[in-house]
Each structure stands twice: as C-alpha cells, then as structure tokens.
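Observations on chain architecture
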Amino acid sequence: MAITLTAAVDAAIRAHGRETFPHECCGAMLGKDGVVREAYALPNTTEEGPRRRFLVRPDDYRVAEQRAREARLELLGFYHSHPDHPATPSQYDLDHAWPSFSYVIVSVMAGEDQLLTSWQLQADRSAFDEETVTNGD
Amino acid sequence: MATKILIPTPLRPFTDKLDAVDIDGATIGELLHNLTTKYAGLKQHLYAADGKLRSFVNIYVNDDDIRYLQKDQTPLKPGDTVSIIPSVAGGAPTEVIKEQEALPELSGDEVKRYSRHLIMPEVGLEGQRKLKAASVLCIGAGGLGSPAAMYLAAAGIGKIGIVDFDVVDFSNLQRQIIHGTPDVGRAKLASAKDRLNALNPNVQVETYDEALSSENAMRLFAPYDVILDGTDNFPTRYLVNDACVLSGKPNAYGSIFRFEGQASVFATKDGPCYRCLYPEPPPPGLVPSCAEGGVFGVLPGIIGVIQATETIKLILGAGEPLIGRFLIYDALRMRFRELKLRKDADCPVCGTHPTVTKLIDYEQFCGVAPHQVAAAAPPVTSMDALSSIELKAELDRGDEVVIVDVREPQEFQINRLPGSILIPLGDLPKRYVELDPNANIVTQCKSGMRSAKAQDFLRSKGFTKVRNLTGGVLGWVDQVDPSQPKY
C-alpha cells in the first residue's frame, strides 16, 4: 500500500498542524488513484479536549464528499496531527477508524512539524498497516 | 418497499463499489439488518461487538439524524433516502503512563533492593516495573527538589531529570539535603547527580543546565511522564503549569514559605490546574521569596516528599491522588488542612475555551522584570541608586545620609550598615512619618529588592532625595566590610 502527497498537500498538512498546535488539526484528503491533490482543512469539533482529540462532524464529512464529487476526485482519507506525540496511531484512532481510508498523521513537537506517516485499517479492524508515503509534484 | 441508502466512500469496497443501494425495510432497524445481511462485510464497521451501532456511525433519514428521530424504530416512507455518514475521529494517546508498552524486567539486585515494595500488593512486581519504566522531571534541585528526587531515586524511578542552573551555597544546606558541605561552590546539578547515583545506581539521571523558559519547556517536558514543580517563583510556577497542561503531563506541585507549605496534583486530564485556583499571579512584591522571608528548613522535606509520594502514586495508579484537593501544611501548629478544588470551565489554559494556547512571556505576565532576582549590581551613578563603594565614600566625606534598613529585625541582628535605622518594609506605611521628607535618604535591604519598593513608597509620599543601595547589605559586606557575616 502506498499513498502519494503532492508537495503542496504535504506542506499544507504540516502548516495546518503547526497552526493549531498545541491542539490537533484535521482535514480531508481528496485525490485520485492514490495521489492526494488537495488537503481540505476541517474544523476540529471535538468536545473532549482538542489537545488529544479530533472530530469531524457528519455535516463536515458531507461537505468533504460533496467537494470531492464536484472536483471529480475521491475522498481518499483524512489527516490529523499529534501534538507532542509521535506520528503513530493511538488505540483511539484504531477504535474510530473507517476501512479503506488513508489516515495521515503528522507529529508536531513543540510547535514544529516532524514525521508524517500514513495508515490503513486492517480488514478485521485489529490494527493499522503503515503505508509508504511518497511525495509527488 | 425499497429505500435508497447512500454509502460513504470508505464502505463502498463492501457494497460492490456502489455508492447507493436499494434495500427493503419498514424501519431503520430492519433496513440496516437487511443491508448487512446482503453486504456482510459492512457489519463489523457499522456495529460494535455489543451489537450497537458504533458511536461514529451516523444514520440520517433525509436530513435528520435517527438519534433525534426514533432511532432503530424510525419508520420509513416511500421516497425517503437514508445516508450512512461517518464521523471521523481520532487523537493522540492520552495515557499518562505507558501501560501498553512492555514493562522492563527487574534484575536480581533490583528485586532485593525493592523487596519491601514488592511484598505489598499496591506496588508488587508489576508496580515496581512501572516505576522503572517511568520518568520524572524535577524543576529545581533546591529545597523541594532535594528530598523529592532522593526518594524518587530510592523508590526506583527509571529516569529522573533535573533542571537547574544554580550553584550550591552555604545558605542552601539548611534544607537542600541532596547537597553536602563539600559541594558548596559546585553546580547543583553535579552535586545532585552524584548523590542520586550513590543512592541508586539503577536510576538514569539526566541534568539540564538551563533556566526553564517558554522556549525550552515543551522540549524538556516531552520525554517525561510526570513533572515535579519545585520552583520558588511565580513566573516559573505559571510556566510549569501551562506547559504541563499544554503537553498533557501531570504536575506534582509543591510550594513553601516560612512555616507553611502547599501541595496538590495539577493538570491531569480531568483535574484542575494551578490557574483554576489562581488565574492571575499576585502583584509583584506582595509575596516575598524564601530568600527574603526565610523558610523553616524541615518544611521542604515534608512538602517535597508529599510531591514524591503523589508522583509515585500517579505512576502506580494506586490510592487516591491529590487531584482536586489542595493540601496546606502548617509546621508550627502541626496541622494539615485540605481545600477542594474544581476544574474551572473558564480557566484560561485548561478550560473549554482556552485563551492561552501556547507558552507566553511569564516574567511579563507576573509583572516582574526579566532576571530581576538574579540581577547583579550594575555600576550606578544616577539619582536613583548608589553602590556600597559610593555610599562609603559619601560617609567618609561626612555627607549627611540617613540609611533606612527595611529588613526584618532578625536580619538586622546578623549584619548591618553603620548608623542605619531599622524600619521593616511592612512597617514603613505607618512609620515613614518618622523620617524627614527632605533628608538625603538611602534605602537598603539584603540585596536591593525590598529597598527598591521602599524607595518607590517614600517617593510616593513626597520624599525628594531617596536612593536605593544596589546589592544591599550583601554588597556592603563584599565591597566595604568583609568582617561581617553574610546570610
């Protein structure tokens, strides 16, 4: 499994993570054929404390799918940041994951973006598989 | 009757890639049952093990969430469209202590060393391994940090970090028991590290020779599980609190003054933080420091060990932590009191709508000039201040100078300037009338801070010639009269 982020998408996800630090950022990833063309920032609407959680509400999810349709792209997954934590999925991420989506996580340590990783839920929901992330134009 | 169900992108692999399917059913419950019978792969993603819809799965009939209709029993009419809409959620790990990771094994020597822990079920082998896996950062190796770090090391905490930039002074030894008489003049970090290594060589001791600041706090805190606040000033106390909240790490808090100490555990996930209790710092100068007001030497022993106790309990997950409780200890009366604390929803840093989302300038926040405490006496020639050398020259010339010592009587007994009048700072508002407003006055204290306040006060009362003695009596002893003792 692999996912490709354009340079602009990679930069946008990292910038979003820095901007919301120490809170988590989140957004949708739109693209085609495994290449993310657009990072679509969404509001983090969690009520459990945005330092450790993010939530994209159904209305915002619908907007993301709508936008993908209009741009003739697919919704490939979502990204979020882990402020002051490594870019590995938490148990909470696993419990709330949807199949077939790519979950990109960027670690933001002390306000600086660090490692960016991508993950897909295994078919039996027991764990994530890490995907190779490549950068495209 | 068939109803159209819109399938979201991530579930389409389970519906033969269709983005909409037609399924029969009179109610939502029936409809979803029939859907997951036809497309069995959907089931585990829509339903949890207990057979209920997963919390992040939202079912809409047209534009309404079934949670606000009749849930499973929501009836369907011809022409309705049902949508399965994901909530997308996630987040970073919240565990204080890494229970998920494999705990380190204990060596034979360690089993022997910790045997009194191991035979108690509240600690036991697993608890001792948790302590070994844990890391604690002590802010300061002074009165509170000394006993706390020593007991943490003795208890077998795997990694202890210490942040300090000070040097051991004779006046520290009355309470900072991690340092000994031969350590005077050494860096506190070096002295503390030697002591902890001697106490327990299994402990990894990391030292950080820097003043904690808004620039380095998040970096320093990142590798630690619990932060132990042993600071002696308000800017650093607020900095430690905010950095703990922002990095999600508990703050084992303690503070001491004269005969009274305080302790609590702040910044846990659901508990209050220091700012819930004190949103704003006291006006600068209202609360004297230990250097100014003194401290009972055994007091930090009690409070520092309470902080260590709470730290160890947090790591073990044992007992009732001092979260939401504020402990006040009075050594003279030998009494403990406890105040209840609540997390403040309006707290500027840990409330529901925080206004402090990154570290700020804490010197400014607390209204003190940067490095005021450590300010060395600069050469001064202004109308505001003078040095001991200059004062000596004026006295030798026979100038008429009224030296007002604003320290406490006990301090005055230790050392003093010749001919000085003692009016403690707290008495000045009722005793300034004893002074001639046109006299040539020099205010003086131990190091120059209290006397600067006295200078401001006298000027506000119309005194025209008031200068502050830079460096206080300590400067006088250093530069003019080394025969007197320093404290």
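In this convention, every chain numbers its residues from 1, walking through the sequence in written order. For this description, chains carry letters from A and ligands carry numbers from 1, given in the order in which they are written. The model is predicted, so local features are restricted to residues of pLDDT at least 70 and side-chain atom pairs to those at 80 or more, both for listing and for counting; the totals for chains, interfaces and linings are taken over all residues. With hydrogens and water excluded, all non-hydrogen atoms of the structure serve as input to the side-chain values.

Residues and elements named next belong to chain B. Angles run from 0 to 180 degrees between N-to-C directions of axes, and those axes are lines fitted to C-alpha atoms, restricted for helices to the stretch in contact. The secondary structure listing takes helices from DSSP runs of H or I that are at least 4 residues long and strands from runs of E that are at least 2 residues long, numbered from the N terminus. It is the contact of helix α6 (residues 145-155) with helix α7 (residues 188-199), at a shortest axis distance of 9 Å, that shows an interaxial angle of 30°. One way to sum up the angle between α6 and α7 is to call them roughly parallel. Crossing of α6 over α7 shows right-handed handedness. Contacts between α6 and α7 pair Ala149, Met150, Ala153 and Ala154 from the former with Arg195, Leu196 and Leu199 from the latter. Gly is put with the polar residues, along with every residue not named as nonpolar or charged; the nonpolar set is Ala, Val, Leu, Ile, Met, Phe, Trp, Tyr, Cys and Pro, and the charged set is Asp, Glu, Lys and Arg. Here the contact of α6 with α7 is built from residues that sort into 6 nonpolar, no polar and 1 charged. For classification purposes, angles smaller than 35 degrees are called roughly parallel, those larger than 145 roughly antiparallel, those between 65 and 115 roughly perpendicular, and all remaining angles oblique. Crossing handedness: left-handed means the near helix sits turned counterclockwise from the far one by under a right angle, and right-handed means the same turn made clockwise. Between two residues, a contact is recorded if the distance between any of their heavy atoms is within 4.5 Å.

All names here are of chain B. Residues Val21 and Ile23 point to one face of strand β2 (residues 20-24) and are all buried, whereas Ala20, Asp22 and Asp24, pointing to the other face, are not buried. Note that strand β1 (residues 2-6) and β2 share 5 bridges and pair antiparallel. When the sheet's bridge partners are listed, Ala2 is paired in β2 with Asp24. Buried, partly exposed and exposed residues are distinguished by accessible area as a fraction of the type maximum, computed with a 1.4 Å probe on protein chains only: under 20%, between the cut-offs, and over 50%, respectively. Strands pair, by our definition, only if DSSP identifies at least two bridges between them.

In this section: the nonpolar core. Ile13(A), Leu137(B), Ile139(B), Leu212(B), Phe221(B), Ile227(B) and Leu359(B) are the most contacted members of the largest nonpolar core, which has 48 residues in total. The leading source of residues in this core is helix α9 (residues 234-247) of chain B, at 7 residues. Apart from the residues lying within four places of it in its own chain, the contact partners of Ile227(B) are Leu137(B), Ile139(B), Phe221(B), Val240(B), Cys244(B), Lys249(B), Pro250(B), Asn251(B) and Ala252(B). Nine residue types can take part in a nonpolar core, namely buried Ala, Val, Leu, Ile, Met, Phe, Trp, Tyr and Cys, and a core is a set of them joined through side-chain atoms within 4.5 Å. Within the second largest apolar cluster, 46 residues are counted, among which are Tyr61(A), Leu75(A), Trp98(A) and Tyr60(B).

Residues and elements named next belong to chain B. Helix α18 (residues 472-479) packs onto helix α14 (residues 388-397) with a crossing angle of 75° between their chain directions and a minimal axis gap of 9 Å. Between α14 and α18, the angle is such that the two are roughly perpendicular. Contacts between α14 and α18 pair Ser388, Ile389, Leu391, Lys392 and Leu395 from the former with Gly472, Gly475, Trp476 and Gln479 from the latter. Residues of the contact of α14 with α18, tallied by class, amount to 4 nonpolar, 4 polar and 1 charged.

We now examine the packing of aromatic side chains. All names here are of chain B. Each Phe, Tyr or Trp ring (for Trp, its six-membered ring) is paired with any other whose centre lies within 6.5 Å, and the angle between the two planes then decides the class: stacked below 30 degrees, edge-to-face above 60, tilted in between. A complete count under the given rule lists 18 aromatic pairs over all chains for this structure. Here the aromatic rings of Tyr362 and Phe365 are separated by 6.4 Å at their centres, their planes lie at 85°, and the arrangement is edge-to-face. Of this pair, Tyr362 and Phe365 both sit in helix α13 (residues 362-365), separated by 3 residues, roughly a single helical turn. Relative to Phe457, the ring of Tyr432 has its centre 5.5 Å away and its plane inclined at 80°; by these criteria the two rings are edge-to-face. With Tyr432 in the loop between α16 (428-431) and β18 (440-444) and Phe457 in helix α17 (residues 449-460), the pair connects residues that are 25 residues apart, well separated along the chain.

Residues and elements named next belong to chain B. Each residue carries a pLDDT value, the predictor's own confidence for that position, ranging from 0 to 100. Summary statistics for chain B give a mean pLDDT of 89 and a share of 94% for residues scoring 70 or more. No element of chain B has a lower mean pLDDT than helix α11 (residues 290-293), at 72, and none a higher one than α6, at 98. Per the prediction output, this complex has pTM 0.53; the corresponding ipTM is 0.89.

A carboxyl oxygen of Asp or Glu within 4 Å of a side-chain nitrogen of Lys or Arg is what we treat as a salt bridge. Across all of its chains, the model carries 28 salt bridges over all chains by this definition. Two residues, Asp242(B) and Arg275(B), come together in a salt bridge whose shortest N-O distance is 2.4 Å. Taken together, the residues span a long stretch of sequence, with Asp242(B) in helix α9 and Arg275(B) in helix α10 (residues 274-277) at a distance of 33 residues. This pair shows no difference in class: Asp242(B) is buried, exactly as Arg275(B) is. Close ionic contact of Lys486(B) with Asp478(B) constitutes a salt bridge, the shortest N to O distance being 3.1 Å. Members of the salt-bridge network, linked through shared partners, are Asp10(A), Arg14(A), Arg18(A) and Asp113(A).

Turning next to the environment of Glu215(B). Topologically, Glu215(B) is positioned in the loop between β9 (204-208) and α8 (217-221). Along the backbone, Glu215(B) and Asp361(B) are 146 residues apart, and their C-alpha atoms lie at a distance of 9.7 Å.

What follows covers the interface of chain A and chain B. Contacts between chain A and chain B engage 37 residues on the former and 37 residues on the latter. Note on terms: buried area is the combined drop in 1.4 Å-probe accessible area of two parts once they are placed together, counting the loss on both. Buried surface at the junction of chain A and chain B, summed over both partners, amounts to about 3200 Å²; 60% is from carbon and sulfur atoms. It is Arg51(A), Arg62(A) and Trp98(A) in chain A that bury the most area against chain B; as a group they hold 23% of the surface buried on that side. At the boundary of chain A with chain B, the tally comes to 2 salt bridges. Across the salt bridge formed by Arg12(B) and Glu65(A), the nearest N and O atoms sit 3.4 Å from each other. Here a polar contact is recorded for every N or O atom pair within 3.5 Å, except that within protein the pair must consist of a potential hydrogen donor and a potential acceptor, and residues adjacent in sequence are included only if both atoms are side-chain atoms. At the junction of chain A and chain B, the tally comes to 14 residue pairs in polar contact (both at pLDDT 80 or more). Of all elements in the fold, only β4 (54-56), α2 (58-70), β5 (74-83) and α3 (91-95) of chain A reach the threshold of two or more residues within the side of chain A that touches chain B. Here the side of chain A that touches chain B takes 5 residues from α2(A), the largest share from any one element. Partitioning the side of chain A that touches chain B into residue classes produces 18 nonpolar, 7 polar and 12 charged. When β4(A) meets strand β6 (residues 88-90) of chain B, the two strands line up antiparallel, connected through 3 bridges. Looking at β6(B), one finds that Phe54(A) is bridged to Gly90(B).

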